[in-house]
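Coordinate inspection notes
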Amino acid sequence: MALDLRVYLVLDPALTSGRSPLEIAESALKGGITAMQLRWKSGPLREMLRLGEALRALCRRYGVPFLINDRVDVAMAIHADGVHLGQEDLPPEVARRLLGPQALIGVSARTPAQAQAAEAAGADYLGSGSIFPTASKANPILIGLEGLAAVVRSTRLPVVAIGGVTPENAAVCIRMGAAGVAVISAITQAPDPEAAARALRRAVDAALAEREKRSPSGA
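Below is a short write-up of the structure. What you are looking at is a predicted structure, and each value in this text was computed from that prediction instead of being measured.

A look at the packing of helix α1 (residues 21-31) against helix α2 (residues 45-62)
The N-to-C vectors of α1 and α2 enclose an angle of 20 degrees; their axes lie 11 Å apart at closest approach. Classified by the interaxial angle, the pair formed by α1 and α2 is roughly parallel. Two packed elements cross with a definite hand, and for α1 against α2 that hand is right-handed. Across the interface between the two elements, Pro21, Leu22, Ala25, Glu26, Leu29 and Lys30 of α1 pack against Leu51, Ala54, Leu55, Leu58, Cys59, Arg61 and Tyr62 of α2.

Written as structure tokens, this is what we have:
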């Protein structure tokens, strides 16, 4: 499945304010997200599998790639489109061997060195952050916009900005060279997840169009 990183929802069932993850996911898909990842940090593995299968089917209906955070075994079990790996997870080249050539493999990279290593290992895209302060992750390490720009410059892979991204600050991430933005609470804890997703998509699309207009090829 084609990779479109413009608005990437990281869905954590622990951060939905008690609402149904499936309902939030469908609202976000209606609002225009372009990729979805299931982030599961605690709870029975069988529940993760059940939710993952339901989300995979939902994403298929909307033609949006569905990835699993960290767990290559779960991605294999439910036939997800790919996996997103942290620096302490299974190496990208091992995940590729297990999941096959068509799988989408993302890697978290906070530094140019990490970005270059992930590219050499066969990753398809990078997630870089935290860009802004965020409550969705315990003790986040902030790299800021300058850190994001440094990662973008260091690699040929598309980079998605994550950490405290909102409709109000998404455009500046795109101006720093990001291919898109990844969000958790900006959608999952919004009063209207569909409207939140639509606002993010609008901001990112406008910033990408402006960047294209300013680039030599878009002149």
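The rest of the description comes next.
Quick word on the side chain of Thr155
Mapped onto the elements of the fold, Thr155 is located in the loop between α6 (144-154) and β7 (159-162). Every residue in contact with Thr155, bar those within four places of it in the chain, is listed here: Ala115, Glu119 and Leu126.

Let's talk about helix α5 (residues 112-120)
Listed as buried for α5 are Gln114, Ala115, Ala118 and Glu119. Projected down its long axis, α5 carries its buried residues within an arc of 135 degrees, all on one side. For α5, the exposed residues set more than 90 degrees away from the buried face come down to Ala113 and Ala120. Following α5 by one or two positions, Gly122 adopts a phi angle in the positive range, close to 100 degrees.

Examining the packing of aromatic side chains
Considering all chains together, one arrives at one aromatic pair under this definition. Their ring planes at 50 degrees and their centres at 5.8 Å tell us that Tyr8 and Tyr125 sit as a pair that is tilted. Taken as a pair, Tyr8 in strand β1 (residues 7-11) and Tyr125 in strand β6 (residues 125-128) lie far apart in primary sequence, 117 residues in all. An identical accessibility class is assigned to Tyr8 and Tyr125; each is buried.

Considerations on unusual backbone geometry
Across the junction of Gly129 and Ser130, the peptide omega takes the value 10 degrees, indicating a cis bond. Position of Ser130 relative to the elements: it lies in the loop between β6 and α6. Although it is not a glycine, Asp70 adopts a positive phi angle of roughly 70 degrees. Its identity is not glycine, yet His79 carries a phi of approximately 60 degrees, on the positive side. Position of His79 relative to the elements: it lies in the loop between α3 (72-78) and β4 (82-85). In this structure His79 comes out as exposed when scored by relative accessible area, which is 56%.

What counts and how
- Residues numbered from 1 in each chain as written.
- Predicted model: local features only at pLDDT ≥ 70, side-chain atom pairs only at ≥ 80, totals over all residues.
- Heavy atoms only, no water.
- Axes fitted to C-alpha atoms, helices over the stretch in contact; angles between N-to-C directions.
- Helix = DSSP H or I, 4+ residues; strand = E, 2+ residues; numbered from the N terminus.
- Parallel < 35°, antiparallel > 145°, perpendicular 65-115°, else oblique.
- Left-handed = near helix turned anticlockwise from the far one by under 90°.
- Contact = heavy atoms within 4.5 Å.
- Buried < 20%, exposed > 50% of the residue type's maximum accessible area, 1.4 Å probe, protein only.
- Arc of directions from axis to C-beta.
- Phe/Tyr/Trp six-rings, centres within 6.5 Å; stacked < 30°, edge-to-face > 60°.

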